[in-house]
Amino acid sequence: MRTVYTDDHHLHQGRAELYNGTLTASFEKPSRADMVLEQVRAQTLGEVLAPKPHGLEPVLKVHDEGYVRFWESAWQRWSATGRDWDALPKMWQVRRLRERIPEHVEGQLCYYSMDAGTPLTAGTWPAITAAANVAVTAADCLLAGEKSVFALTRPPGHHAAYDYCGGYCYFNNAAIAAQRLLDGGVRKLAVLDVDYHHGNGTQDIFYRRSDVLFLSIHGDPRTEYPFFLGFADEEGEGNGLGFNANYPLAAGTDVAGWFAALEAACTRIQAYGAEALVVSLGVDTYEGDPISRFALKHEDFIRLGARLARLGLPTQFCFEGGYAVEAIGINAVNVLTGFEG
Ligand code: SP5
Ligand code: ZN
């Protein structure tokens, strides 16, 4: 399987996130993708190719234009007064506050954010546009007839919704790829999110649509981030009713419980009649992950890949979370080698 990758992700290097009540070094850091690339090469997964530039059109198909344009100029506006450090939002447009877009860059950052873990940095814009190009270039590989492809995207994307960022995510790489596949002729697509955290952004983008079945296996939002979405009764709306499936599992759920949910999700994908699959591949389900509470071991990731291969679908993997940096390369590439059999 080929991997699409660019070093441009290094341009996005957040300093800190608000965690446990203190500003803590960002869990989401460049070495994460470096470790995955290293394993792609060490396990000779296949050729590594650079993304092609695709402009903003594929991004604007799944994100609000004002949101995208905000990111385009945000750093320049934030740093214009001499601030050469990251910005983090510190308030939110909650219940009964006016849903008006502020004029000030700090107000706009608050308006377009869902948490204080997703910093605006000097290189955020070039990095997130590069990640979108990685997602699109990988989708084009599938459209050209490849059986599977790995989009080594960073920063991750699955928490990014139509018009807000969060959870280290800015543009929803998996959603951008999914839309590209649909525009290229795929009629029914499944997006399966196996990251520890609910893929609230992807769910949001496709919630009213029947051409994408979105499924997510994740820590129960009663106790786990992102807290406000990802419950089992979220089944889609309007045309999308019946095309959203959440499998929340209690924090601490064991490996058998996790694979039972995967089995249910695979059955659902098969029944839907998907023609292609996008996998939001987070490996923060690993037993050693510092911010998550599932217990998958290295070899369980191979089993995950093998199960997905049995669906028999053209499959694009998009990299998402995973914070046990020393292990994430092995875990992510284990899924891919397990898929290849
Ligand atoms: C892409 C992705 O995996 N984003 C995850 C964002 C999670 N951010 C909030 C983490 C809070 C974890 N709290 C755990 C408390 C353990 N002491
Ligand atoms: Zn995650």
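See the structure above.
Residues numbered from 1 in each chain as written. Chains lettered and ligands numbered in written order. Predicted model: local features only at pLDDT ≥ 70, side-chain atom pairs only at ≥ 80, totals over all residues. Heavy atoms only, no water.

**Student:** Sorry, what's going on with helix α10 (residues 325-340) here?
**Tutor:** Structural remark: α-helix, 3.6 residues per turn; residues separated by three or four positions point the same way. Helix length check: α10 (16 residues) gives 24 Å between terminal C-alpha atoms against 22 Å at 1.5 Å per residue, within 8%. Counting buried positions along α10 yields 12 of 16 residues, so the element is predominantly enclosed. Here the buried face of α10 lies against α1 (30-42), β5 (148-151), β9 (276-281), α9 (298-309) and β10 (315-319). Following α10 by one or two positions, glycine 341 adopts a phi angle in the positive range, close to 80°. (Helix = DSSP H or I, 4+ residues; strand = E, 2+ residues; numbered from the N terminus. Expected span 1.5 Å × (residues − 1). Buried < 20%, exposed > 50% of the residue type's maximum accessible area, 1.4 Å probe, protein only. Contact = heavy atoms within 4.5 Å.)

**Student:** Is there a simple way to explain the pairing of strand β2 (residues 16-19) in this structure?
**Tutor:** Regular strands have side chains that alternate between both faces of the sheet. Where β2 lies against strand β3 (residues 22-25), 4 bridges are found, and the strand directions are antiparallel. Residue pairing across strands places alanine 16 opposite alanine 25, the latter belonging to β3. Counting the residues between successive antiparallel strands, the hairpin from β2 to β3 contains 2 residues, one of them, asparagine 20, with a positive phi of roughly 55°. (Pairing = 2+ DSSP bridges.)

**Student:** Would you explain the site of ligand 1 in this entry?
**Tutor:** For ligand 1, the set of nearby residues contains 13 residues, the closest of which are His159, Gly167, His197, Asp284 and Tyr323. With respect to ligand 1, the side chain of tyrosine 19 contributes an N or O atom lying 3.4 Å from a nitrogen atom. Here an oxygen atom of ligand 1 and a side-chain polar atom of histidine 197 are 3.2 Å apart. Split into classes, the residues belonging to the shell around ligand 1 amount to 6 nonpolar, 5 polar and 2 charged. (Near = heavy atom within 4 Å. Polar contact = N/O pair within 3.5 Å; in protein donor to acceptor, adjacent residues only side chain to side chain. Nonpolar A, V, L, I, M, F, W, Y, C, P; charged D, E, K, R; others polar.)

**Student:** What is the right way to read the pattern of salt bridges from this model?
**Tutor:** Between side chains of opposite charge, a pair can form as their charged atoms come close. Applying the stated criterion across every chain, the model contains 17 salt bridges. Here glutamate 28 ties to arginine 154 by a salt bridge, and the two come within 2.7 Å at their closest N and O atoms. Note that glutamate 28 is positioned in the loop between β3 and α1 and arginine 154 in the loop between β5 and α6 (173-183), a separation of 126 residues in sequence. Each member of the pair, glutamate 28 as well as arginine 154, is classed as buried. Among the salt bridges present, the one from glutamate 106 reaches arginine 83, with a minimum N-O distance of 3.1 Å. (Salt bridge = Lys/Arg side-chain N within 4 Å of Asp/Glu carboxyl O.)

**Student:** Is there a simple way to explain the nonpolar core in this structure?
**Tutor:** In this structure, Leu192, Trp258, Ile269, Leu308 and Phe317 are the most contacted members of the largest nonpolar core, which totals 53 residues. Take this core: its biggest share by element is 9 residues, from helix α8 (residues 255-272). Here isoleucine 269 is in contact with Ala190, Leu192, Leu213, Leu215, Ala274, Leu277, Leu311 and Leu313, once residues within four sequence places are set aside. Of all hydrophobic cores here, the second largest spans 52 residues; its members include Ala178, Phe206, Val278 and Cys318. (Core = buried A, V, L, I, M, F, W, Y, C linked by side-chain atoms within 4.5 Å.)

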